[in-house]
Amino acid sequence: MAFVPAGGAQAQDKDNAARFGALESILDVSLSPDGKQLAFIEQGVKRMRRLYVVDTTEGARPRQILSSDGGAGGNLSWCGWVTATRLACQTFARAQVAGDIYGATNIIALDAAGGNLKVLSNRRNSRSLYSDFRGGSVLDWSASDNGSLLMTRSYVPEYDTGTRIASRREGLGVDQIDSVTGASHRVEVPNDDAIFYLSDGHGQVRLMATQSWMGSGQINPIIHFLYRPKGGGNWKPLSDYDVASEKGFEPLAIDPSTDRVFGFDRVDGRKAVVAMPLDGSGAATTIYAHPEVDVDDIIRIGRNGRIVGVSFATDKRVSVMTDPAMERMTEALSKALGGKQILISDASADESKYLVRASSDTDPGQYFLFDPKAKILRPLLGERDALASLTLSPVQPINYPAADGTMIPGYLTLPPGRSDAKGLPAIVMPHGGPSARDEWGFDWMAQYFAQSGYAVLQPNFRGSSGYGDAWYQKNGFQSWRTAIGDVTDAGRWLVSAQQGADPAKLSIVGWSYGGYAALQSGVLAPDLFKAIVAIAPVTDLDQLKREEASKGGGEINARFIGSGPHIKEGSPAQNAEAIKVPVLMFHGSFDQNVDIAQSRTMKRALDAKGKRAELIEYPELAHSLETGEARTDMLRKISAFLPH
């Protein structure tokens, strides 16, 4: 029997735009250390989020203990259990200050019964509230038996008003904090270059990452990782990682049993999981590498973050467990749930109970409570209640030929009940990034368009990550001709005689880099697509470099975007005259990933050339357009715009 949030299920709009535009019903779920309670964040209308606690016994009713509406105090992001009676949660807020968009996080704690709320992050003055992104994060839950935890905390200097000499160090440090009283003591002194720390999951801070500012006022692309020996002592160099080139050893998780840190590095041109001893020797050992794709995740469970496996995506996501018992358990769970993908989301302190998430291409996600000793698997919560009554479309891994004969992987989603695309209107939907890839599974936009009668193709064009350095090339901006060529070839394949989609009703829809790809496809192949939809797109590469320089990322992005003829040739705003078809754009005014100025630049360029173009702006929304109302409105406008 599944839990139903207090107050009952809201009546669902039968309109598919509202169904698919609705945010996930459940944002975050966690299991208490004793396995007897769940905490979950429910997403409501607009920016409303509610925190519930519920007993894991059959038939228990959730009780709301906190809510947030995205106002000045921020909004709930996640919650975890400090003890069986105490929770710690992160809030996040955005604001516009002097024309710039800033974000700030805070950690709060409260009783599982509600009340006794404490702000655990350092108090910051109004001037630095939104200029300081680092409100702190929970570093280690292992000290929580007595209600305390390890947290990173950001410090700003205090000055003697007479001498103007700083009386307190500036930077990111680590404190052990009593979540009940808010009392704390220093574990790591603040370091003004520190950007994060790693603990061993048992209360010891073992790794620090630093990234400095250059004399030019830009952030240094190199992250330095330092370790502390097991017995204590000073920080010592471990490895360097280049953010611009994505090269070097990037630590992620510490295994205290072998005194090694696990992370990612390149092996034969692909990302692999590598372990490095915390002794300064640099003697890395490859834990797992795949001959075709990047290994991009390390699987950890429990309050101590125990490492149990690795994960990567071929046609579908694959988990390889290094823990035999965990492998047997996840295989049995997948079999019991019809072959769905299994994720162990959380576990009780003694791992006698597990919070399990199961999902597939036609299942947006369901949470279960699993008791292996009692052999009980019980459904708890669904992630998208609005879609519960719909039959969703299977997602087919496919390959199609590029113009040079290279086979490009992708995913094809057809309307329910259809086995081919013949005669259908069709959409090519390139992913964001560009350092990203699409995966098999549920995608709310692809499923919406399939429900609306479209064949939807999501290509993993060259320039995508996940397939190694040779496939990634110089990224989707510097190698735009290849990347966008693969995207346009996806459209040609859909309308080919073999696939049979209607060439008069072929469109392209993309978000972020995908929006860039949609617009630039209109430049490269102006007669192919009959309509272009770009959501939060990059449109001018030179402008993007200037924007990033103003935020301190100029050096990193100058290397990532590069210089040369592609800056003009690969910018749709600088080639707007080539676009022949109608363009519809959407953008949130609080977008910190891609400035809304990019869409405004494109709109001006299209208007100047007499092209048909419309830009819909959503005030105070970020890159993801994080309200169901905005997404529903967007889907309705897209449906009215596309040929069908």
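Residues numbered from 1 in each chain as written. Predicted model: local features only at pLDDT ≥ 70, side-chain atom pairs only at ≥ 80, totals over all residues. Heavy atoms only, no water.

Q: I would appreciate a short explanation of the packing of aromatic side chains in the present structure.
A: Scanning the entire structure with this criterion turns up 16 aromatic pairs. Ring plane angle 15° and centroid distance 5.7 Å describe the contact between Y288 and F312, whose orientation is recorded as stacked. Taken together, the positions of Y288 in strand 21 (residues 285-288) and F312 in strand 23 (residues 306-313) put the pair 24 residues apart, joining distant regions of the chain. Take Y288: its relative accessible area is 27%, and that puts it in the partly exposed class. (Phe/Tyr/Trp six-rings, centres within 6.5 Å; stacked < 30°, edge-to-face > 60°. Helix = DSSP H or I, 4+ residues; strand = E, 2+ residues; numbered from the N terminus. Buried < 20%, exposed > 50% of the residue type's maximum accessible area, 1.4 Å probe, protein only.)

Q: Looking at this structure, how should I read the sheet that holds strand 29 (residues 395-401)?
A: Within a sheet, each strand pairs with its neighbour through backbone hydrogen bonds, oriented either parallel or antiparallel. Pairing is mixed in the open sheet, where eight strands are placed in the order 29-30-32-31-33-34-35-36. The outermost strands of the open sheet, each flanked by one partner alone, are strand 29 and strand 36 (613-618). On average, each strand axis in the sheet is inclined to that of its neighbour by 20°, with strand direction left out of account. The pairing of strand 33 (residues 506-511) with strand 34 (residues 531-535) spans five bridges and is parallel. Looking at strand 34, one finds that G510 is bridged to A534. Docked against the sheet, helix 6 (residues 480-494) engages strand 29, strand 30 (407-413), strand 31 (426-428), strand 32 (455-459) and strand 33, running at close to 105° with respect to strand 29. Lying on the sheet, helix 11 (residues 597-608) is in contact with strand 35 (583-588) and strand 36; it crosses strand 36 at an angle near 160°. (Pairing = 2+ DSSP bridges. Axes fitted to C-alpha atoms, helices over the stretch in contact; angles between N-to-C directions. Contact = heavy atoms within 4.5 Å.)

Q: Would you take a moment to explain the pattern of salt bridges for this structure?
A: Opposite charge on two side chains permits them to pair, given that their charged atoms come into close proximity. For the coordinates displayed, the defined rule picks out 32 salt bridges. Its salt-bridge partner being R63, residue D55 comes within 3.9 Å of it at the nearest N-O pair. Judged by relative accessible area, which is 31%, R63 ranks as partly exposed. Between R462 and D486 there is a salt bridge whose closest N-O contact spans 2.8 Å. Of this pair, R462 sits in the loop between strand 32 and helix 4 (469-472) while D486 is found in helix 6, placing the two residues 24 residues apart along the sequence. Assigned by exposure class, R462 and D486 land together as buried. Residues participating in the shared-partner salt-bridge network are R153, D175 and R186. (Salt bridge = Lys/Arg side-chain N within 4 Å of Asp/Glu carboxyl O.)

Q: Could you clarify how one ought to interpret the environment of D28 in this entry?
A: With respect to the element layout, D28 can be found in strand 1 (residues 26-31). Residue D28 is classed as buried on the basis of its relative accessible area of 18%. Note: C-alpha distance between D28 and P62 (34 residues apart in sequence) is 15 Å. Of the polar contacts made by the side chain of D28, one reaches the backbone nitrogen of C79; its length is 3.1 Å. (Polar contact = N/O pair within 3.5 Å; in protein donor to acceptor, adjacent residues only side chain to side chain.)

Q: When you look at the pairing of strand 33 in this model, what are you seeing that I'm missing?
A: A regular strand places its side chains so that they alternate between the two faces of the sheet. With respect to burial, strand 33 is a largely interior element, six of its six residues being buried. Here strand 33 shows two buried faces, one formed by L506, I508 and G510 and the other by S507, V509 and W511. Across three bridges, the pairing between strand 31 and strand 33 is parallel. Looking across to strand 33, one finds that V428 is bridged to I508.

Q: Please clarify how the environment of L278 should be interpreted in this entry.
A: Position of L278 among the secondary structure elements: in the loop between strand 20 (270-277) and strand 21. Note on L278: relative accessible area 3%, which makes it buried. The spatial distance from the C-alpha of L278 to the C-alpha of D361 is 41 Å, given a sequence separation of 83 residues. Those residues in contact with L278 that sit more than four places away from it in its chain are R206, Y227, L238, I254, D259, R260 and V261.

Q: Sorry, what's going on with the environment of Q458 here?
A: Mapped onto the elements, Q458 comes out in strand 32. Not counting the four nearest positions on each side in its chain, Q458 is found in contact with G410, Y411, T413, M429, D438, D443 and A446.

Q: Is there a simple way to explain the packing of helix 3 (residues 444-451) against helix 12 (residues 628-641) in this structure?
A: Describing two packed helices takes the angle between their axes plus the distance from one axis to the other. Between helix 3 and helix 12, the shortest axis-to-axis distance is 12 Å and the interhelical angle comes to 40°. Judged by the inter-axis angle, helix 3 sits oblique to helix 12. Where helix 3 crosses over helix 12, the two elements pack in a sense that is right-handed. For the pair helix 3 and helix 12, the contacting residues are W444, Y448 and F449 in the first and R631, M634, L635, I638 and S639 in the second. (Parallel < 35°, antiparallel > 145°, perpendicular 65-115°, else oblique. Left-handed = near helix turned anticlockwise from the far one by under 90°.)

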